[in-house]
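Structural overview
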Amino acid sequence: LPEVRISDNGPYECHVGIYDRATREKVVLASGNIFLNVMAPPTSISVLAADTPAPFSRYQAQNFTLVCVVSGGKPAPLVYFKRDGEPIEATPLPELPAGAGSWAPRNLLHRDLDDTKVPKSLAAEGEVGGGRPPATADPPRGLAAERGAATETIPETVVSREFPRWVHVAEPIYYFRHTHAPVSDGTVEARATLTWTLNPQIDNEALFSCEVKHPALSMPMQSEVTLVAPKGPKITMTPTRARVGDTVRILVQGFQNEVFPEPLFTWTRVGSRLLDGSAEHDGKELVLERVPAELNGSMYRCTAQNPLGSTDTHTRLIVFENPNIPRGTEDSNGSLTSHCGFRLVLALTLTVIVELT
């Protein structure tokens, strides 16, 4: 077998004998068998967060689970987790029976603290760029007052990035489960989960790695992630110079930092409802169709959050008059009235008057 494959795995037999021409029968004198066990190293390994995207809670402890998926190995590999390069001592859990729901450990934190015992914000701990920006006066709201860019980016605020209102009373307790399932090609997909009660105060920027040992590997495979709360998302608005009647798209392009787990995005309009009448909108993009002049100067807030924290970024919409649309052609909803329809009604009215006379 010059190039052994997974399909070559299995028992092999060798028979030694003679052939009697007279009776035309084979006479077996000896036989032997052997089982060829073909090993294959894992082909991929990845770490992801379960139940994402998920919101941030300042007042209640949340359980958090990392999932390590290892595919393509035979036999099943040995999977374990590390934190900041050190192996994690975790409480093993039995494999789930087929069809059973997921197991979730109870929240381990019970003691609440009042506000006087908790740091006010990350800026109090000397975080670079933290803290609430100084208040600034609103710019003029007139259509002719804006000469430069059509949007104004307001600095990131950290109101919602305050520390949670609870603390750990003991070291975190980790729970570990390891399962594997056969694949049609003869390999195994292994899944390992690590669950604990998340503490954003100490888990933010912690490095977690999943490592795999396998007899076909000369050294362990690994995949790592760093838990990071989102900082101010970078927002773009198109078109950059919105005019009455345009469709405006406000999109989250990225962050000032790498964020894990995946954030949850929520859009709101400061001091009012969105254009469609809703209080908020979920997703990376906010679309404002046929913007009316009344939206000039309106402020929009994008909140990005994951289980480690949340942050807000604001942007202001500036709407210019549209020279192609004469004044007085907008209804109460900001939609445009067709001049062709107006002229048609006027022509019909004159026709009726002429016929009556």
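Quick caveat, the model's predicted, so the values are computed rather than measured.

Each helix and strand in the protein was counted, giving 2 helices and 21 strands. Looking at the protein as a whole, 38% of its 357 residues qualify as buried. Considering only contacts within the protein whose residues lie at least 6 apart along the sequence, 69% involve residues at least 24 apart. Carbon together with sulfur atoms contributes 54% to the accessible area of the protein, which is approximately 21300 Å² in total.

Let's shift gears to the confidence of the model for the protein. In low-pLDDT segments, the atomic positions of the prediction should not be examined closely. Per-residue pLDDT for the protein averages 77, and the proportion of residues at 70 or more is 69%. Note that pLDDT drops below 50 for residues 108-150; the model gives that stretch 64 contacts with residues more than four away or on any other chain. Across residues 331-357, confidence stays below pLDDT 50; counting only partners more than four residues off in sequence or on other chains, it has 13 contacts.

A complete count under the given rule lists 1 disulfide for this structure. What pairs with Cys 68 in a disulfide is Cys 210, and their sulfur atoms sit 1.9 Å apart. Residues Cys 68 and Cys 210 share a disulfide whose torsion about the S-S bond is about -75°; that sign makes it left-handed. One end of the pair, Cys 68, is in strand β4 (residues 62-73); the other, Cys 210, is in strand β11 (residues 207-213), with 142 residues separating them in the sequence. For Cys 210, a relative accessible area of 0% puts it in the buried group.

Of all hydrophobic cores here, the largest spans 27 residues; its most connected members are Leu 66, Cys 68, Val 79, Phe 81, Trp 196, Phe 208 and Leu 227. Those elements giving two or more residues to this core turn out to be β3 (44-49), β4, β5 (78-83), β10 (188-198), β11 and β12 (221-226). In terms of residue count, β10 provides more of this core than any other element does, 5 residues in total. By size, the runner-up hydrophobic cluster in this structure holds 20 residues, among which are Met 237, Val 252, Leu 286 and Leu 295.

Before going further, it helps to spend a moment on the side chain of Ser 298. Take Ser 298: it is sitting in the loop between β18 (285-288) and β19 (299-306). Reaching out from Ser 298, the side chain makes a polar contact with the side chain of Tyr 300 at a distance of 3.4 Å. In this structure, Ser 298 is in contact with Arg 269, Thr 315, Arg 316 and Leu 317, ignoring residues within four places of it in sequence.

With that out of the way, let us pick up the packing of aromatic side chains. Tallied over the entire structure, the rule returns 5 aromatic pairs. Taken together, a centroid distance of 4.9 Å and an interplanar angle of 25° make the contact between Trp 196 and Phe 208 stacked. Of the two residues, Trp 196 sits in strand β10 while Phe 208 sits in strand β11, which places them 12 residues apart along the sequence. By relative accessible area, which is 0% here, Trp 196 ends up buried. Where Phe 255 meets Phe 265, the ring centres are 5.9 Å apart and the plane angle is 25°; that geometry is what we call stacked. Placement of the pair is Phe 255 in strand β15 (residues 248-255) and Phe 265 in strand β16 (residues 264-269), with a sequence separation of 10 residues. With respect to class, Phe 255 is no different from Phe 265; both count as buried.

With that settled, the discussion passes to the sheet that holds β15. As summarised here, the arrangement of the 3 strands in space is β13-β15-β18, forming an open sheet in which the pairing is antiparallel. Each end of this open sheet is capped by a strand with a single partner; those strands are β13 (233-238) and β18. Neighbour-to-neighbour, the strand axes of the sheet open up by a mean angle of 20°, direction not taken into account. Pairing analysis gives 4 bridges linking β15 to β18, with the strands arranged antiparallel. Within the sheet, the bridge partner assigned to Val 248 lies in β18 and is Leu 288.

Scoring rules and cut-offs
Within each chain, residues carry numbers counting from 1 in the order of the written sequence. Only residues with pLDDT of at least 70 get local features here, since the model is predicted, and only at 80 or more are side-chain atom pairs given and counted; chain-wide, interface and lining totals rely on the full set of residues. The basis for every side-chain value is the complete set of heavy atoms in the structure, and neither hydrogens nor water enter the calculation. Numbering of helices and strands starts at the N terminus; helices are DSSP runs of H or I of at least 4 residues and strands are runs of E of at least 2. Per-residue accessibility, obtained with a 1.4 Å probe over protein chains only, is compared with the maximum for each type, and a residue is labelled buried under 20%, exposed over 50%, and partly exposed between these values. By definition, residues are in contact when any of their heavy atoms lie within 4.5 Å. For the area figures, the Shrake-Rupley method with a 1.4 Å probe applies, and any residue is considered shielded solely by the protein chains shown. Confidence of the prediction at every residue is given by pLDDT, a number between 0 and 100. The disulfide criterion used throughout: a pair of cysteine sulfur atoms within 2.5 Å. We call a set of buried residues a nonpolar core when its members are Ala, Val, Leu, Ile, Met, Phe, Trp, Tyr or Cys and they connect through side-chain atoms within 4.5 Å of each other. Polar contact is the term for a pair of N or O atoms within 3.5 Å; when the atoms are in protein, one must be able to donate a hydrogen and the other to accept it, and sequence-neighboring residues count only if both atoms are side-chain atoms. Planes of paired rings set the category: under 30 degrees apart is stacked, over 60 is edge-to-face and the rest tilted, where pairs are Phe, Tyr or Trp rings (Trp by its six-membered ring) whose centres lie within 6.5 Å. Strands are labelled as partners when DSSP assigns at least two bridges between them. Helix axes are fitted only over the stretch in contact, all axes being lines through C-alpha atoms; the angle between N-to-C directions runs from 0 to 180 degrees.

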